[in-house]
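# Fold and geometry: a report
Take a look at the letters that make up each chain.
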Amino acid sequence: MKLVIATRNAHKLEEIRAIFDFQSLEVCTAFDFPDIPDVVEDGETLEANAIKKAVTLAKATGCWTLADDSGLEVAALGGAPGVYSARYAGEHCNYADNNAKLLDELSGKENRSACFRTVIALSDPEGNVQTLDGSCPGTIIEALRGSNGFGYDPLFIPTGYTETFAQLDSEIKNRISHRANALQKAHDEWSSLLGSMGGMT
Ligand code: IMP
């Protein structure tokens, strides 16, 4: 039995494998289906994008498919950048551009609270889909700190810590992050479902 993970991001795949023990399930990724076009992530919510990715790949491959979508929600910005986190500073922007824009938008604002959020969707081959989410609350600081991780990590201090995600050891981030949180829930809630397809603990 095959399970497709709808990502071309090796780092994400590693995180998923670290939490799930797939036993006899054969795990494939979008890389194993080169003829399937990239899914355009044009949904207005993280849920919509995760569902679109999972259902599109599940129907195209005929396999159960797991997909995720993440973003940073900043309270003082009404939840922005949220679903637009990857391209906050424009279509061809990079992480540095996004961080600069975030600092700019928050300049002079007292409320610096924020939350990373991940939605995971699991679809069967017919497109019947279910979702769950994970989050990690924290605050946005005023200047970049640290060089680990990616994206908004140098500006985000998770609640209960004094260092940013980019300063903390990756082992800690992978234990407390929004993605880890969502994956752990997925493991707890969907293990028996996936297990009945071929074995997973
Ligand atoms: P994706 O859906 O996981 O690809 O995430 C979309 C965007 O959200 C990324 O391009 C990053 O800008 C941001 N993001 C998601 N997860 C993280 C994280 O763990 N640290 C920092 N930024 C993140």
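Data block above holds the structure.
In what follows, the accompanying structure is described. None of the values given here were measured: they were computed from a predicted structure.

About the thresholds
Residues numbered from 1 in each chain as written. Predicted model: local features only at pLDDT ≥ 70, side-chain atom pairs only at ≥ 80, totals over all residues. Heavy atoms only, no water. Helix = DSSP H or I, 4+ residues; strand = E, 2+ residues; numbered from the N terminus. Rg over C-alpha atoms; globule rule 2.2 N^0.38 Å. Contact = heavy atoms within 4.5 Å. Areas by Shrake-Rupley, 256 points an atom, 1.4 Å probe, with all protein chains shown as cover. Lys, Arg positive; Asp, Glu negative; His and termini not counted. Charge placed at Lys NZ, Arg CZ, Asp CG, Glu CD. Buried < 20%, exposed > 50% of the residue type's maximum accessible area, 1.4 Å probe, protein only. Salt bridge = Lys/Arg side-chain N within 4 Å of Asp/Glu carboxyl O. Near = heavy atom within 4 Å. Polar contact = N/O pair within 3.5 Å; in protein donor to acceptor, adjacent residues only side chain to side chain. Pairing = 2+ DSSP bridges. Axes fitted to C-alpha atoms, helices over the stretch in contact; angles between N-to-C directions.

### Regarding the overall build of the protein
Helix and strand counts for the protein come out as 5 helices and 6 strands. Ordered by position from the N terminus, the helices and strands of the protein form the series β-α-β-α-β-α-β-β-β-α-α. Compactness check: the protein gives a C-alpha radius of gyration of 17 Å against a globular reference of 17 Å for 201 residues, within 12% of the reference. Sequence-distant contacts, at least 24 apart, represent 59% of the contacts inside the protein between residues at least 6 apart. Carbon and sulfur atoms form 49% of the exposed surface of the protein, whose accessible area is close to 9,700 Å². Here the protein contributes 17 positively and 29 negatively charged side chains, and the mean placements of these two sets differ by 2 Å.

### Side note on the side chain of His178
Structurally, the position occupied by His178 is in helix α5 (residues 178-198). On the basis of relative accessible area, His178 is assigned to the buried category, the value being 3%. For His178, the residues in contact, after removing those within four places along its chain, are Ser70, Phe116, Arg117, Thr118, Gly134, Ser135, Cys136 and Phe165.

### Overview of the pattern of salt bridges
Across all of its chains, the model carries 9 salt bridges by this definition. Between Glu73 and Arg117 there is a salt bridge, and its shortest N-O distance comes to 3.2 Å. Here the residue Glu73 occupies a position in strand β3 (residues 64-74), and Arg117 occupies one in strand β4 (residues 113-123), the gap between them amounting to 44 residues. Look at Glu73 and you get partly exposed, because its relative accessible area is 25%. Look at Arg117 and you get buried, because its relative accessible area is 16%. Look at the salt bridges and you will find they share partners, linking Glu47, Glu73, Arg117, Asp133 and Lys185 into a network.

### Some points on the site of the ligand
Taken together, 13 residues lie around the ligand, and Lys12, Ser70, Asp153, Lys173 and Arg179 are the ones closest in. Within the side chain of Asp153, an N or O atom sits 2.6 Å from a nitrogen atom of the ligand. One nitrogen or oxygen atom from the side chain of Lys173 is found 2.8 Å from an oxygen atom belonging to the ligand. Contact with the protein chains hides 89% of the accessible area of the ligand, taken as 470 Å² for the molecule alone.

### A look at the sheet that holds strand β1 (residues 2-5)
The strand order across the open sheet formed by 6 strands is β2-β1-β3-β4-β5-β6, and the pairing between neighbours is mixed. In the strand order of this sheet, the two ends are held by β2 (26-29) and β6 (156-158), each with one partner. Across the sheet, the mean angle from the axis of one strand to that of its neighbour is 30°, orientation sign disregarded. Sheet topology note: the β3/β4 ladder contains 10 bridges and is antiparallel. Along β4, the bridge assignment pairs Glu73 with Cys115. Sitting on the sheet, helix α2 (residues 46-61) touches β1, β3, β4 and β5 (129-140), and the angle it makes with β3 is about 165°.

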